[in-house]
Structure formats: structure tokens, C-alpha cells
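Commentary on secondary and tertiary structure
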Amino acid sequence: MASRQAFRSLAASTPSSYTTTSTTLRAASAASRRCASTLQNTTTRRSTQWTSSTFQQGQGRSNKRSYSTPGGSPPPRDTNKISFWPFVALIALTSGGYMLLVNRRKDMPPNPTSSSAAAAPAPSTTPAFSPSDVTVIFVLGGPGAGKGTQCARLVRDYGFTHLSAGDLLRAEQDRPGSQYGQLIRDCIKNGAIVPMEVTVALLENAMRDTLSSSKTGGKGRFLIDGFPRKMDQAVKFEEVVCPAKMVLFYDCPEQEMEKRLLERGKTSGREDDNAESIRKRFRTFVETSMPVVDHYEREGKVVKVDSTPGPDKVYEETRKQLRRVFGDKF
Ligand SMILES: Nc1ncnc2c1ncn2[C@@H]1O[C@H](COP(=O)(O)OP(=O)(O)O)[C@@H](O)[C@H]1O
Ligand SMILES: O=c1ccn([C@@H]2O[C@H](COP(=O)(O)OP(=O)(O)O)[C@@H](O)[C@H]2O)c(=O)[nH]1
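Residues numbered from 1 in each chain as written. Chains lettered and ligands numbered in written order. Predicted model: local features only at pLDDT ≥ 70, side-chain atom pairs only at ≥ 80, totals over all residues. Heavy atoms only, no water.

Under the annotation held in an unreviewed UniProt entry, the chain carries the name Uridylate kinase and is attributed to Neurospora hispaniola. Database annotation for the chain, UniProt heading Subunit (unreviewed entry): "Monomer." UniProt, in the comment section headed Catalytic activity (unreviewed entry), describes the chain in these words: "UMP + ATP = UDP + ADP". (UniProt positions renumbered as here; feature names shortened; annotations may be inferred.)

This is the structure:
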């Protein structure tokens, strides 16, 4: 209980993730504006330099020609007017080329490892899956709260598809040739959050695979376990993949979670089930993931289950809560 309160008070002292997100978005778009204006200046400077040197060459040629005119008389002054229009055309062409370049860059995908690109405002888009076909339940809770254990039971009894973000990341980490392997390993060991593009893409692919291989005509129900752990993931997922129906939040004191994780570490083979990584994961959970729960709480989507008791009791409460939200035949 004490830890629940600690989570709450820490979460309250954490700046709103929306503020953080929108500040990052503003910073990213300011940076892209600066970038565009630098590009513009460079292009303008280049075209000016090019134009003036060409102009000088043109003048030079014209002077040479005129000096070689038999009779030695200087050329009439208004011949310069004739050579002015090609330069206007060149400036127009250069500017047009610049605009084309800018427009093409707008369509390029962001670089997944760049944090500013990660937070760059995506063009408004329709989610890949409609909530009328696909039910998404986010399953959240601290490390060791019992998310995976409860998901396994719900799959067994209700035919949900269970997608654990952590499992998907570990599979990607071990996939030969993955360009994200080392990045994922480092993040997991340090209890940090892997850049959202990687995780969102893994989840979307897994959902697509499930839906295309099932006989339910593109309909499905997913328990997305251990995701979203950071506000940017939540925003991105709902924007490009599918809005979530609800959040199942397993609430457990830190002391109990630590005990469970150390026990699990004896057999799990996980690089992060050790005292040092556990401490970092708890910190990330409080500072980064609790604001996500708070956000969904404000949206009225959170169903909280105390996961301190044994697994059977927690499951009983989970079913009761799901029946309350979805009705008896969920
Ligand atoms: N309600 C519970 N009471 C006691 N131990 C639990 C409970 N739920 C899960 N466990 C055990 O605690 C460890 C962590 O559970 P797990 O479901 O893997 O947590 P999470 O997915 O939230 O990290 C596992 O070894 C699991 O067997
Ligand atoms: O959306 C996610 C989910 C997990 N992780 C990483 O995967 C680790 C393990 O997560 P998992 O859900 O498997 O385990 P838990 O900490 O809940 O026991 C986390 O600490 C993070 O480093 C991540 O970066 N993004």
C-alpha cells in the first residue's frame, strides 16, 4: 500500500507527459523549421553566388566580345538587359527545385534511432486497425506485478491473443541480422525504454500476422502486455495502430515485485532479473510509465486490480472487472 501511495505521489510530482510530449513536438518542429530555413538560406546563397558569378562571366564574355568588335567602339549599354532574363529563369528553377526537395523530405520516414525523429509530429493518419474489428486491452503494472501470469490465464479461458512487448523485443534482439539487437539489449539491461518506433512496429506486425492467419475475417482481441510504458508510445500506437478500449492495471507494492523478480531470476535467464536492473526498472516505471496510467485514468479507461494476493485471487478479481466492463460474455 505504501508503495502505491509512493507511486501516486511521485506520479503527481512528475510533469504531465502531455506537456513533455508537446514540448518535444514543439522543439522538434522548431528544429525542422530551423533546418528548413537553413536549407533555404543555403540554397538562396548558392543560387545567388552561382547567378552572380555566371552574371560576371556573362558580362566578361560580353565585354571581351565587344572589345574585339572591329572598330573598337564600346557595345551599346542595353545588351545587358537581354542577358538578364535567363538569370531570372535560373533563380525560378533553383527555387522550384528546393521546394521539390523539401516536399520529398516531408514524405521520408523518420530514423528510428533518433530521439527527435521519434517525437517528430507524424502526419495525421488513420489507425491501421479499426476498433470495431479489433479490441485492444493494454495490460500495465510494475515489473513483476504479474501481468504475464494473468494474461496467460485470460488467453486460456477467453481466447485473447497475448502480445508481450518485452517478449517481442527480446525476440528482435536475438534475431540474427537485426539492426536493433544491441540497442534493445542495452535498453533492457538498463531498464530503459526502447525507442517507440521499434516497439510499435513489432506490435503492429504481430497483430497483422495474427489477424491475417486467423479465420475471424480480420477481427481479433489483443492483450498488449507491458506496453505502453511511455507517453510517446501510447500516442503513436493509438494514432497509427489502434485505439485501446481499456487498460488493465496490476497494482503491487515494490517490495513484493522485487521478491517475485528475484525468484523469477533464478530460472528466467533474463539479463534484467537481477538486483541492479530491477532497481532501474522500478525507477523507470515510477517516472515514465506511471504517467501513462494516470493519463488513461483521466480518460476513464483504467481498471485497477490489486495484484498483491496469490495468482488465483488476482485472476478472480480480473474476471470480475472485465465482466463489469464488457458484460458476462466477454
Ligand atoms: N499473484 C502472484 N503472487 C505471487 N507470485 C506471482 C503472482 N503473479 C505472478 N507471480 C510470479 O511472479 C513472477 C513475475 O510474474 P510475471 O507474470 O512474469 O510478471 P510481469 O509480467 O508483470 O513481469 C513470476 O515468477 C510469477 O510466477
Ligand atoms: O514497450 C516496451 C516494453 C518493454 N521494454 C523493455 O523491455 C523490458 C522488459 O519488459 P517486460 O514487459 O518483458 O518485463 P517486466 O519489466 O514487465 O517484467 C523493459 O524493462 C524495457 O527495457 C521497452 O523498452 N518497451
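1. Concerning the environment of Gly 310
Among the secondary structure elements, Gly 310 is positioned in the loop between β5 (302–306) and α12 (311–326). Note on Gly 310: relative accessible area 37%, which makes it partly exposed. C-alpha of Gly 310 to C-alpha of Gly 146: the two residues are 164 residues apart in sequence and 9.7 Å apart in space. (Helix = DSSP H or I, 4+ residues; strand = E, 2+ residues; numbered from the N terminus. Buried < 20%, exposed > 50% of the residue type's maximum accessible area, 1.4 Å probe, protein only.)

2. Thoughts on the site of ligand 2
Neighbouring ligand 2 are 21 residues; Lys 147, Arg 170, Ala 192, Val 194 and Arg 229 lie closest to it. Taking Arg 229, its side chain carries an N or O atom lying 2.9 Å from an oxygen atom of ligand 2. Side-chain polar atom of Arg 264 to an oxygen atom of ligand 2: 3.2 Å apart, as the coordinates give it. About the coverage of ligand 2: the protein hides 97% of its 510 Å² of free accessible area. A per-element tally of the shell around ligand 2 places helix α6 (residues 165–174) first, with 4 residues. Per-class residue counts for the shell around ligand 2 are 9 nonpolar, 5 polar and 7 charged. (Near = heavy atom within 4 Å. Polar contact = N/O pair within 3.5 Å; in protein donor to acceptor, adjacent residues only side chain to side chain. Areas by Shrake-Rupley, 256 points an atom, 1.4 Å probe, with all protein chains shown as cover. Nonpolar A, V, L, I, M, F, W, Y, C, P; charged D, E, K, R; others polar.)

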